[in-house]
Amino acid sequence: MSTFKAPKGTYDLIPPFSAKYLAVRDAIAAPLRKSGYGYVETPGFEDVNLFARGVGESTDIVTKEMYAFETKGGDKLALRPEGTASVLRAALEANLHKQGNLPVKLWYSGSYYRYERPQKGRYRHFSQVGAEAIGAEDPALDAELIILADEAYRALGLRDFRILLNSLGDKECRPVYREALQTFLRGLDLDEETLRRAEINPLRVLDDKRADVQKQLVDAPLLRDYLCDACKAYHEEVRTLITAAGVVFEDDPKLVRGLDYYTRTTFEFVHDGLGSQSAVGGGGRYDGLSEMIGGPALPSVGWALGVDRTVLALEAEGVELDIPAATSVFAVALGEEARKLLFGKVTELRRAGVAADFSFGGKGLKGAMKDANRSGARLAVVAGERDLAEGVVQLKDMESGEQQAVAVDGLVEAVRAKLA
């Protein structure tokens, strides 16, 4: 009989490796929780138009990578390719922006789906942690989010990442730049599809990763030379606040990011140990997105960090996360009476807040002690009929091999003392 496999370009998270993913998610979420961000969770699929309008019809995400389908009821839906549009939709639907406290600060974690060419660091199903600050136009918010991401990465022990920063201007100055860029692009030797993209959204061409295209873009006009005074002042304040916090960044005048909704501040976290897929996360300001999806004007800023990419970056730097063993105490029972007693003790230990496990399946001492070793437990509790007759169990330190008899009634206290 043939066995099923995970779909191409996807992966399963299996223990003990999955503990690394959980640790990365927790580390990214920790600074957000301390900074007023509340947790939000949205469905894995949405109305296809939410992404077509919000993310942009000219983006690769919408034209090539979105998993779109029609339901039996005729609804046109898509698996979410990114988080921001869904989170903003949820905030608008729940009227969070009308409750007085702007910005609305939200963080989220989940799986996203894009039909990509699978390679290391780029999957069709991937995991992100993201943060959005909705409803305030303030350079301090842009700076806060960049600083919080930096803090999360440093808490994990990452050192070799870089922060790239740029401004994409706003609806006042970007059209002037757009026209200058289009004029420049029309003079290049580009294929038909790239020229078509240049007509819809020329900034997307700057993001083209092909070497022959990049070579032609060397003399492309730069957005920073076209910024209006308001955008220049805004960007300067973002830079000043990040610098004051001691966070190092690099100005990258060609950074555009792959989504149509960005305005003004845009940034990317890159790690040079990851080869061509060097971005571990990124984000920016998206002041017009709310109106694009039918909401009121709500200037906002946010980012998403890839959990998969962050794990690869940790591996590239050789950073070992300090992940405690899932089990502290492993109970080994020899004989029926001991089995009943120790099963009860395991439940008692768990209720006392101690991570405990039990040798299931009626194995002998040798097999059960192998299980105890594999569990990573610090202590093993072993009991046979003779121990029970004396009212004791044997408490074994799995590191030193030392063993002592402990009164059955005093087991929880003895375990706590040892683990402390």
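In short, a report on the structure. (Residues numbered from 1 in each chain as written. Predicted model: local features only at pLDDT ≥ 70, side-chain atom pairs only at ≥ 80, totals over all residues. Heavy atoms only, no water.)

Tallied over the entire structure, the rule returns one cavity of 30 Å³ or more. Of the pockets and cavities examined, the largest cavity occupies roughly 50 Å³. Val-40, Glu-41, Thr-42, Arg-80, Gly-83, Val-87, Tyr-108, Ser-109, Gly-110 and Tyr-112 are the residues that line the largest cavity. The element that contributes the greatest number of residues to the lining of the largest cavity is strand β5 (residues 104-113), accounting for four residues. Taken together, the residues of the lining of the largest cavity sort by class into four nonpolar, four polar and two charged. (1 Å grid on protein atoms, 1.4 Å probe; cavity = no way out; pocket = protein on both sides within 12 Å on 5 of 7 lines; lining within 4 Å. Points joined across faces, edges and corners; volume = space filled by probe spheres on them. Helix = DSSP H or I, 4+ residues; strand = E, 2+ residues; numbered from the N terminus. Nonpolar A, V, L, I, M, F, W, Y, C, P; charged D, E, K, R; others polar.)

A word on the pattern of salt bridges. Charged atoms that come close allow side chains of opposite charge to pair. With the rule as written, the count across this model stands at 22 salt bridges. We note a salt bridge from Arg-239 to Glu-236, for which the minimum N-O separation is 2.9 Å. Here Glu-236 and Arg-239 lie together in helix α10 (residues 229-244), a separation of three residues that amounts to about one turn. Judged by its relative accessible area of 41%, Glu-236 is partly exposed. For the salt bridge of Glu-348 with Lys-345, the shortest nitrogen-to-oxygen distance reads 3.2 Å. With Glu-348 and Lys-345 both in helix α13 (residues 336-351) and three residues apart, the pair spans about one turn of that helix. For Glu-348, a relative accessible area of 36% puts it in the partly exposed group. Via salt bridges that share partners, Glu-46, Arg-89 and Glu-93 belong to a single interconnected network. (Salt bridge = Lys/Arg side-chain N within 4 Å of Asp/Glu carboxyl O. Buried < 20%, exposed > 50% of the residue type's maximum accessible area, 1.4 Å probe, protein only.)

Our next topic: the environment of Phe-269. Residue placement: Phe-269 occurs in strand β9 (residues 263-271). Residues Phe-269 and Gly-281 lie twelve residues apart in sequence; the distance between their C-alpha atoms is 5.1 Å.

Once that is clear, we can look at the nonpolar core. Ranked by internal contacts, the top residues of the largest apolar core, which has 45 residues, are Val-24, Tyr-37, Tyr-153, Ile-242, Phe-269 and Trp-303. Among the elements of the structure, α1 (18-33), β6 (125-134), α5 (139-156), β7 (161-167), α10, β9, β11 (300-306) and α12 (307-317) are those that each provide at least two residues to this core. Every residue in contact with Ile-242, bar those within four places of it in the chain, is listed here: Ala-143, Ile-146, Ile-147, Leu-165, Val-247 and Phe-249. Listed in part, the 43 residues of the second largest apolar core include Ala-91, Val-205, Leu-227 and Tyr-261. (Core = buried A, V, L, I, M, F, W, Y, C linked by side-chain atoms within 4.5 Å. Contact = heavy atoms within 4.5 Å.)

This part is about the state of the cysteines. Under the definition given, this model contains zero disulfides. Of all cysteine sulfurs, the one in Cys-228 lies closest to Cys-173, which takes part in no disulfide; the gap is 3.7 Å. Judged by its relative accessible area of 3%, Cys-173 is buried. Of all cysteine sulfurs, the one in Cys-231 lies closest to Cys-228, which takes part in no disulfide; the gap is 3.7 Å. (Disulfide = S-S within 2.5 Å.)

Below, the discussion takes up the side chain of Lys-105. For Lys-105, the location among the structural elements is in strand β5. Separated by 2.9 Å, the side chain of Lys-105 and the backbone oxygen of Ser-35 make a polar contact. Engagement of the side chain of Lys-105 in a polar contact is seen with the side chain of Glu-144, the distance being 3.0 Å. When neighbours within four sequence positions are excluded, Lys-105 is seen to be in contact with Ser-35, Gly-36, Tyr-37, Gly-38, Glu-132, Ala-133, Leu-141 and Glu-144. (Polar contact = N/O pair within 3.5 Å; in protein donor to acceptor, adjacent residues only side chain to side chain.)

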